[in-house]
Each structure stands twice: as C-alpha cells, then as structure tokens.
Amino acid sequence: MAFCGPMTGRIKIAPSLLSARFDRLGEQIHEAVQAGADMFHIDVMDGHFVPNLTMGPAIVNAVRRVTEVPLDAHLMVTRPQDFVKAFADAGVNDLTVHVESDHDVRATVKAIRDAGVSPGLVLNPDTAFGKAVPFLADVDLLLVMTVHPGFAGQPFRRDVLSKIEEARAHIDREGLEVELEVDGGIKLDTAPLVAEAGADILVSGSGIFPDRVAENLRAMREAAEKAAHGRH
Ligand code: DX5
Ligand code: ZN
C-alpha cells in the first residue's frame, strides 16, 4: 500500500456513555463493543466548569469491570489536578483536561503521566489552536470540541472544521505523536466532515446511543473511513 501519511490509520470511534441508558449501561457497552467500539468516552462534569453534573470515578470503575476496551475520560471540571489520582485508580487509560480550566496545564499533564495514564488536552470551540501548541510535545491526545461542553445532543459547529485542519497540519508537520480527537455533534452526516478534516478519533454520544447502537456505530465508521480515504 502506498504511503500517504498518518491518515492511512484506521479511524477510531469512541462512543460517549453520556447518551447511553444508565439503567442498562452494561448491556449498552457490550453492544458497542460487539460492533467494534475502539474506546469509551466518559464525560466528567462538575456543575461548575460546565452547568451539568455527570459521572465520577465510581462509574468509571463500574465500566472498567464490564469491558477491557480503553476508557477515555474527558474532565470538564474547574480543578482537574484534584482528580487525577481518583480517575487513575478507577482505571482510565487516558485523561483529557481543558486548557480553559483553572490549573497549571504543564503540571497537570505531568501528574497524569506520572499516574501511568495517557494525558490529553482539550480546546473549547472558541479557543485558538495556538493555546495547545506549547504542550503538544507532552501529550498523547488533542481533543477539539465541536460544541460548547456541557450537554450531549447539541448541533455540530462547522466553524471549528478549520481548527481541526490546522491541528492536523501542525501535528503532521512537526511529526508529533498526538492523536487528534473531535467531540460534539458527530453523527452520520457530520462524521465525514470531521474525518476529512483529519481527525483520528471521533467521539459520538447521541449519534450512537441509546437505540440501534451497533448499526449506528458501523454506519459511522464506514462513512468516516470513506471520507478519510478521500483526502488523498
Ligand atoms: C459534551 C460532551 C460530549 C457529548 C457528546 O459536553 O463532552 O462528549 O457527550 O455528545 P453528542 O455526540 O451527542 O454531541
Ligand atoms: Zn466529551
């Protein structure tokens, strides 16, 4: 197969558990695993950084017991540095923290790495890509939000596509080992746009859960991979 850059890698799909039915969480997870979910995205909200309260380490621990698929925890909290150990102990594989939170980003990233977890940085839709650049050599993931965080089911912000392209170009040019993840409003119609712009990992909540989970996931992967190949 001809070499055509990092985009030859398979697109990863990360179903977001926020849109799953919590009374049947184990069952919903198994359905997504059967359909090939690459990781589960877990939205942690503190009612302060965003106006919603969701899941904490106890839920992560319960999810960890039902699957070995990697767990990707997205911390939408004011002080992420206070929760690194709790989520590491609960069994996450990576922890992503917002540059907009109230912390010393470099110190939090180091604390995550020291806890044996992959660190990642998150950018809100209105935050410039440049805010992440000083930290990219130290993280494994860059998560670009295509909705303002807080709730599942919001409309995809097309104006963020140029930031995804900018991040893709920078990561490739600098040869960084950073996976580019995109989160918010990704459904069957918007997944191809994100894949074409250069994302490696697509997060989707209401585009996958709670009904027809396997069907939704497979259709999204097919649409995204077709669009990613179209880049060459
Ligand atoms: C939004 C969360 C997202 C959300 C995605 O604050 O960070 O991960 O669960 O849900 P959808 O895909 O429905 O926008
Ligand atoms: Zn999220």
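See the structure shown above.
Residues numbered from 1 in each chain as written. Chains lettered and ligands numbered in written order. Predicted model: local features only at pLDDT ≥ 70, side-chain atom pairs only at ≥ 80, totals over all residues. Heavy atoms only, no water.

*Asks:* So what about the coordination of the zinc ion (ligand 2)? Which residues, and what values?
*Replies:* For the zinc ion (ligand 2), the full set of protein donor atoms is His41 (NE2), Asp43 (OD), His74 (ND1) and Asp183 (OD), and the range of their distances to it is 2.0 to 2.3 Å. Coordination geometry of the zinc ion (ligand 2): the 6 donor atoms subtend angles of 72 to 167° at the metal centre, consistent with an arrangement described as octahedral. Ordering the donors of the zinc ion (ligand 2) by residue number gives the pattern H-x1-D-x30-H-x108-D. A residue pair is termed long-range when its members are at least 10 positions apart, and aspartate 43 in strand 2 (residues 40–45) and aspartate 183 in strand 7 (residues 179–183) qualify at 140 residues. Aspartate 183 carries the same exposure label as aspartate 43, and that label is buried. (Donors = N, O, S within 2.8 Å, 3.2 Å for Na, K, Ca; no water. Tetrahedral: all angles 85-135°; square planar, octahedral: opposite > 155°, others 65-115°. Helix = DSSP H or I, 4+ residues; strand = E, 2+ residues; numbered from the N terminus. Buried < 20%, exposed > 50% of the residue type's maximum accessible area, 1.4 Å probe, protein only.)

*Asks:* Any details on helix 4 (residues 105–114)? Residues and values, ideally.
*Replies:* An α-helix turns once per 3.6 residues; consequently, residues spaced three or four apart project the same way. When helix 4 is considered as a whole, its buried residues turn out to be Val105, Thr108, Val109 and Ile112. Summarising the axial view, the buried residues of helix 4 lie within an arc of 100°, below the 170-degree limit, and thus occupy one face. The exposed residues of helix 4 that point more than 90 degrees off its buried face are Lys110 and Asp114. On its buried side, helix 4 packs onto helix 3 (84–90), strand 4 (94–98) and strand 5 (118–123). In the segment just after helix 4, glycine 116 is the residue with positive phi, at about 85°. (Arc of directions from axis to C-beta. Contact = heavy atoms within 4.5 Å.)

*Asks:* So what about the packing of helix 1 (residues 25–34) against helix 2 (residues 57–66)? Which residues, and what values?
*Replies:* Think of two packed helices as two axes; the pair is described by the angle between the axes and how far apart they sit. Where helix 1 meets helix 2, the axes come as close as 10 Å, and the angle between the chain directions of the two elements is 50°. Classified by the angle between their axes, helix 1 and helix 2 sit oblique to one another. The two elements helix 1 and helix 2 cross, and the hand of that crossing is right-handed. Across the interface between the two elements, Leu25, Ile29 and His30 from helix 1 touch Ile59, Val63 and Val66 from helix 2. Across the contact of helix 1 with helix 2, the residue classes tally to 5 nonpolar, 1 polar and no charged. (Axes fitted to C-alpha atoms, helices over the stretch in contact; angles between N-to-C directions. Parallel < 35°, antiparallel > 145°, perpendicular 65-115°, else oblique. Left-handed = near helix turned anticlockwise from the far one by under 90°. Nonpolar A, V, L, I, M, F, W, Y, C, P; charged D, E, K, R; others polar.)

*Asks:* Please give an account of the sheet that holds strand 1 (residues 12–15) that cites residues and values.
*Replies:* In space, the 8 strands of this open sheet follow the order 1-8-7-6-5-4-3-2, with parallel pairing throughout. The open sheet is flanked by strand 1 and strand 2, the only strands paired with a single partner. Taking each pair of neighbouring strands and ignoring which way they run, the sheet shows an average axis angle of 25°. With 3 bridges joining them, strand 7 and strand 8 (residues 201–204) adopt parallel strand pairing. Across the sheet, residue aspartate 183 finds its bridge partner in strand 8, namely valine 203. Along the sheet, helix 4 contacts strand 4 and strand 5; its crossing angle with strand 5, the most-contacted strand, is approximately 145°. Where helix 7 (residues 213–229) meets the sheet, it contacts strand 1 and strand 8, and its direction lies at approximately 145° from that of strand 1. (Pairing = 2+ DSSP bridges.)

*Asks:* Could you give me a rundown of unusual backbone geometry, with the residues and numbers involved?
*Replies:* Omega for the bond connecting phenylalanine 209 with proline 210 falls within 30 degrees of zero, at 0°, which places this linkage in the cis form. Mapped onto the secondary structure, proline 210 falls in the loop between strand 8 and helix 7. Positive phi, close to 50°, is recorded for arginine 212, a residue that is not glycine. Looking at arginine 212, the relative accessible area reads 54%, which means it is exposed.

*Asks:* Go over the site of ligand 1, please, and point to the residues and values.
*Replies:* The immediate surroundings of ligand 1 are formed by 20 residues, with Asp43, Gly150, Asp183, Gly205 and Ser206 found nearest. Take serine 16: an N or O atom from its side chain is 3.0 Å from an oxygen atom of ligand 1. Between ligand 1 and histidine 74 there is a distance of 3.2 Å, counted from an oxygen atom to a side-chain nitrogen or oxygen. For ligand 1, the accessible surface in isolation is 380 Å², of which the surrounding protein chains cover 100%. Secondary-structure elements contributing two or more residues to the shell around ligand 1 are strand 2, strand 3 (71–76) and strand 8. Per element, the largest residue contribution to the shell around ligand 1 is 3 residues, and it comes from strand 2. A class-by-class count of the residues in the shell around ligand 1 yields 8 nonpolar, 10 polar and 2 charged. (Near = heavy atom within 4 Å. Polar contact = N/O pair within 3.5 Å; in protein donor to acceptor, adjacent residues only side chain to side chain. Areas by Shrake-Rupley, 256 points an atom, 1.4 Å probe, with all protein chains shown as cover.)

All we've got here are geometric facts, nothing functional implied.
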